[in-house]
Amino acid sequence: MHPFSYVPAQDPLFGVVEVELDHEGGSLAVDGEGIVRVEVRRAAGAAVESHVPIGTRDPDRLSMTVGGAEVALRPAKGFLTRRSYRVDVGEYRLVPDSLDGSRLLRDGAVLGVFSSSGDGRVSVEWKGEPGAGDAAVGYALAAAFGTGAEPMWKLTLDALLELWP
């Protein structure tokens, strides 16, 4: 993974969205003319997981601000089900729904489907009527944690094969 990626996205509703991801340094910033600024930071000294763009899924080692206000970021551990890879922030939830996509929900209502390969590139297909805060949080979560997950049968098989001598 490149140490720093600046990847502007052209959002159909909010214009240019700048995504700055530093995997090694453990920081992510999302900003744009039509959205509020969101930052995600990994705590210094946290063990870095190469398969997580921000470097960790440990909620005790992460912090997030939306428009300058601190918010509680709660990524699940991720193991055998797609739902176990969900990430919660206040009223929002990003949860995988396919191999490469994740739905962004606000209070259970689908706002859009995000795709990100983990390199800071993010795309979205809006489903509802999102606001600037919705878009900013969605882009940040998709870039920080990636999107999509293997189906349960594949995750279970992989876990069983890991146990095989």
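This report concerns the structure included in the present document.

Thoughts on the packing of aromatic side chains
All chains considered together, the criterion is met by 3 aromatic pairs. Plain terms: the ring middles of Phe 114 and Tyr 139 are 5.5 Å apart, the flat faces sit at 85 degrees to each other, and that makes the pair edge-to-face. In this pair, Phe 114 is assigned in strand β12 (residues 109-116) and Tyr 139 in helix α1 (residues 132-145), connecting sequence segments 25 residues apart. Look at Phe 114 and you get buried, because its relative accessible area is 0%. Aromatic ring contacts, followed pair by pair, group Phe 14, Phe 114, Trp 126 and Tyr 139 into a single cluster.

Comments concerning the pattern of salt bridges
Here the structure, examined in full by the defined rule, presents 6 salt bridges. Asp 88 is paired through a salt bridge with Arg 93; the nearest N and O atoms lie 2.6 Å apart. By relative accessible area, Arg 93 is classed as partly exposed at 25%. Note that Arg 106 and Asp 134 form a salt bridge whose closest N and O atoms lie 2.5 Å from each other. You can see Arg 106 sitting in strand β11 (residues 101-106) and its partner Asp 134 sitting in helix α1, a full 28 residues away along the chain. The exposure class of Arg 106 is partly exposed, given its relative accessible area of 27%.

Analysis parameters
Residues numbered from 1 in each chain as written. Predicted model: local features only at pLDDT ≥ 70, side-chain atom pairs only at ≥ 80, totals over all residues. Heavy atoms only, no water. Phe/Tyr/Trp six-rings, centres within 6.5 Å; stacked < 30°, edge-to-face > 60°. Helix = DSSP H or I, 4+ residues; strand = E, 2+ residues; numbered from the N terminus. Buried < 20%, exposed > 50% of the residue type's maximum accessible area, 1.4 Å probe, protein only. Salt bridge = Lys/Arg side-chain N within 4 Å of Asp/Glu carboxyl O.

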